[in-house]
Amino acid sequence: MTADTIPSPCCPQCGQNDMVRRVSAIVQAEPESPLAQKLAAPRSPRPVPAIGCATLFFSTMVSISAAIFAVGLTELTATAPRTSLLFGVRDTSVFTGIITFLFVFVGVHAMFVWRQARLNRIFRRAFVAWHRASERWQQLSYCARCDGVFLPGQTTLTPVDQMQMLIYARRQPSQATVAPPTGAEGR
């Protein structure tokens, strides 16, 4: 059987299939209709931008500023004799500035790396949920008589306005319980 010859599933509310269509077919056939816009496929999440040169530049600038502040503070509070270094700065001030630069640079950059890792984790979860929702959306059917959507085997009809909740649900919606066929019906 091809996809064209497969009969439409029956609506769980009215029990008919004469006004049942696949949601994907409705969206494809009438993309500008209000119904198609309500039934549109879930949108994929945006990927997280990677840490770039701007982040590295910002980390460097903050570190340089902190180092200059540390050198100035050390110069004001130090009692060691001045040396022949540039601008007559003390050795302890230079050492303090270098250490401050390194610690602040690593700290600021680590903060950005941690933030990037957290955003990547959130994106992966959103992508998995979107993928699952897209697969469910492909299976959705719409009953024009009852104005609702349902998944194959679902025992209840979901209003069109709640379609997103249906496709993003963590658990599968309630499935019809089918009794096993008996050989002697009506005995």
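All values derive from a computational prediction rather than experimental measurement.

### Considerations on the confidence of the model for the protein
Point 1. For the protein, the mean per-residue pLDDT works out to 81, and 81% of the residues sit at or above 70.
Point 2. Segment residues 175-187 is flagged for pLDDT under 50; beyond a separation of four residues in sequence, or across chains, it makes six contacts in the model.

### Let's talk about the sheet that holds strand S4 (residues 158-159)
Point 1. Within the open sheet, the four strands sit side by side as S1-S2-S3-S4. Their pairing is antiparallel. Two strands in the sheet have a free side with no partner beyond their single neighbour: strand S1 (20-22) and S4.

### Concerning the packing of aromatic side chains
Each aromatic ring pair is specified by the distance between its two centres and by the angle formed by the two planes.
Point 1. All told, the structure shown has four aromatic pairs when counted by the stated rule.
Point 2. Centroid distance phenylalanine 58 to phenylalanine 112: 5.8 Å. Interplanar angle 90 degrees. Geometry classified as edge-to-face. Taken together, the positions of phenylalanine 58 in helix H3 (residues 53-77) and phenylalanine 112 in helix H4 (residues 91-139) put the pair 54 residues apart, joining distant regions of the chain.
Point 3. Classification of phenylalanine 58 as partly exposed rests on a relative accessible area of 42%.
Point 4. Using a relative accessible area of 18% as the deciding quantity, one classes phenylalanine 112 as buried.
Point 5. When the ring of phenylalanine 101 is compared with that of phenylalanine 105, the centres are 6.0 Å apart and the planes differ by 15 degrees; the resulting orientation is stacked. One end of the pair, phenylalanine 101, and the other, phenylalanine 105, are both in helix H4, four residues apart, so they sit about a helical turn from each other.
Point 6. When its relative accessible area of 25% is taken as the criterion, phenylalanine 101 is described as partly exposed.

Criteria and thresholds
- Numbering of residues starts from 1 in every chain and runs along the sequence as written.
- In view of the model being predicted, local features appear only for residues whose pLDDT reaches at least 70, and side-chain atom pairs are presented and counted only at 80 or more, with totals across whole chains, interfaces and linings using the full set of residues.
- Processing note: side-chain calculations cover all non-hydrogen atoms of the structure and skip hydrogens and water entirely.
- A residue's pLDDT is the predictor's confidence in that residue, given on a scale from 0 to 100.
- The criterion used for residue contact is that any of the two residues' heavy atoms lie within 4.5 Å.
- Strands were regarded as paired on the criterion that DSSP finds at least two bridges between them.
- By definition, any uninterrupted DSSP run of H or I lasting at least four residues is a helix, any uninterrupted run of E lasting at least two residues is a strand, and each is numbered from the N terminus.
- Note on aromatic contacts: the rings of Phe and Tyr and the six-membered ring of Trp form a pair at centre separations within 6.5 Å, being stacked when their planes are under 30 degrees apart, edge-to-face when over 60 apart, and tilted otherwise.
- Residue burial is assigned from relative accessible area. The probe radius is 1.4 Å, only protein chains are included, and a residue is buried under 20% of its type maximum, exposed over 50%, and partly exposed in between.

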